[in-house]
Amino acid sequence: MTATAEVRLDRRRFVADLIVRLPEDTLVVTGLGSPSYDVFAAGDRPTNFYLWGAMGAAAPLALGLALARPDRPVVALTGDGEHLMGIGALATIGAQLPPNLTLVVLDNAHFGETGMQPSHTGLGTDLVAVARGFGIRDAVRISDLAQTDDLAARITARTATTYAHVLIATDEPPRALPPRDGVANKNSFRAALGLSTF
């Protein structure tokens, strides 16, 4: 069955349900656009790092954090378009496999920020197969809100790099914009980690 034929979830509800289940010390990196809006709408935290203008960077940035801070769960929450832009980062993630890293890809099978053109996942790309091909064995597809508890448990356990491909509807809830000041975001995030600013 192709991703486009399966049940698709309400994006904002899924993100809110997941965020509320995460341990308080979880570091969350958001991809461009909707993932940032949804994480911010679920409740701003100093341990959220919102990306602006860094297409394809959510997964590699989260990998760096996971390697630097193995004591904390790290989640990259991004969309299919942003993720596809930096898909090669999965090769490095598959080579490193930090057990505290989880990639959550919200997939509506469209490039939502540029006009809803069909994305590769709507044209046949299977992201779970791609992740497994890069060596990420714990790769799952989520199309039921009941699976949120299991995903949160995997994030909390920190026993394996996890890849969650979440099928979402194309609905567009009202935007909730986090601060767009990249320097302020960086400084707030570093302060939450007990690091000085520069």
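Residues numbered from 1 in each chain as written. Predicted model: local features only at pLDDT ≥ 70, side-chain atom pairs only at ≥ 80, totals over all residues. Heavy atoms only, no water.

**Q** An account of the packing of aromatic side chains is requested, with residue identities and associated values reported.
**A** Inspection of every chain in the model, using the stated rule, returns 2 aromatic pairs. Ring centres of phenylalanine 40 and tyrosine 50 lie 6.0 Å apart, and the angle between their planes is 80 degrees; on these two criteria the pair is classed as edge-to-face. You can see phenylalanine 40 sitting in helix α2 (residues 34-41) and its partner tyrosine 50 sitting in strand β2 (residues 48-50), a full 10 residues away along the chain. Take phenylalanine 40: its relative accessible area is 23%, and that puts it in the partly exposed class. For tyrosine 50, a relative accessible area of 4% corresponds to the buried category. Relative to phenylalanine 189, the ring of phenylalanine 49 has its centre 5.3 Å away and its plane inclined at 65 degrees; by these criteria the two rings are edge-to-face. Residue phenylalanine 49 is located in strand β2, and its partner phenylalanine 189 is located in helix α8 (residues 182-192); the two are separated by 140 residues in the primary sequence. Overall, the relative accessible area of 14% leaves phenylalanine 49 in the buried class. Classification of phenylalanine 189 as buried rests on a relative accessible area of 5%. Over the face of the ring belonging to tryptophan 52 we find arginine 180, whose NZ or CZ atom lies 6.0 Å from the ring centre. (Phe/Tyr/Trp six-rings, centres within 6.5 Å; stacked < 30°, edge-to-face > 60°. Helix = DSSP H or I, 4+ residues; strand = E, 2+ residues; numbered from the N terminus. Buried < 20%, exposed > 50% of the residue type's maximum accessible area, 1.4 Å probe, protein only. Lys NZ or Arg CZ within 6 Å of the ring centre and 35° of its normal.)

**Q** Explain the sheet that holds strand β7 (residues 138-142) to me, using residue names and the numbers behind them.
**A** Strand order in the open sheet made by the 6 strands is β2-β1-β3-β4-β8-β7, with parallel pairing throughout. The sheet is open, and its two edges are formed by β2 and β7, each paired on a single side. Taking each pair of neighbouring strands and ignoring which way they run, the sheet shows an average axis angle of 15 degrees. (Pairing = 2+ DSSP bridges. Axes fitted to C-alpha atoms, helices over the stretch in contact; angles between N-to-C directions.)

**Q** Pulling in residues and values, what's your account of the pairing of strand β3 (residues 74-79)?
**A** Two faces belong to every sheet, and in a regular strand the side chains alternate between them. Among the 6 residues in β3, 6 count as buried, and that is most of the element. Judged by which residues are buried, β3 turns out to be covered on both faces: Val74, Ala76 and Thr78 on one side and Val75, Leu77 and Gly79 on the other are all buried. Both strand β1 (residues 27-30) and β3 contribute to a ladder of 4 bridges, which runs parallel. Along β3, the bridge assignment pairs leucine 27 with valine 74. Pairing analysis gives 6 bridges linking β3 to strand β4 (residues 101-107), with the strands arranged parallel. Among the inter-strand pairings, threonine 78 is bridged to a residue of β4, identified as valine 105.

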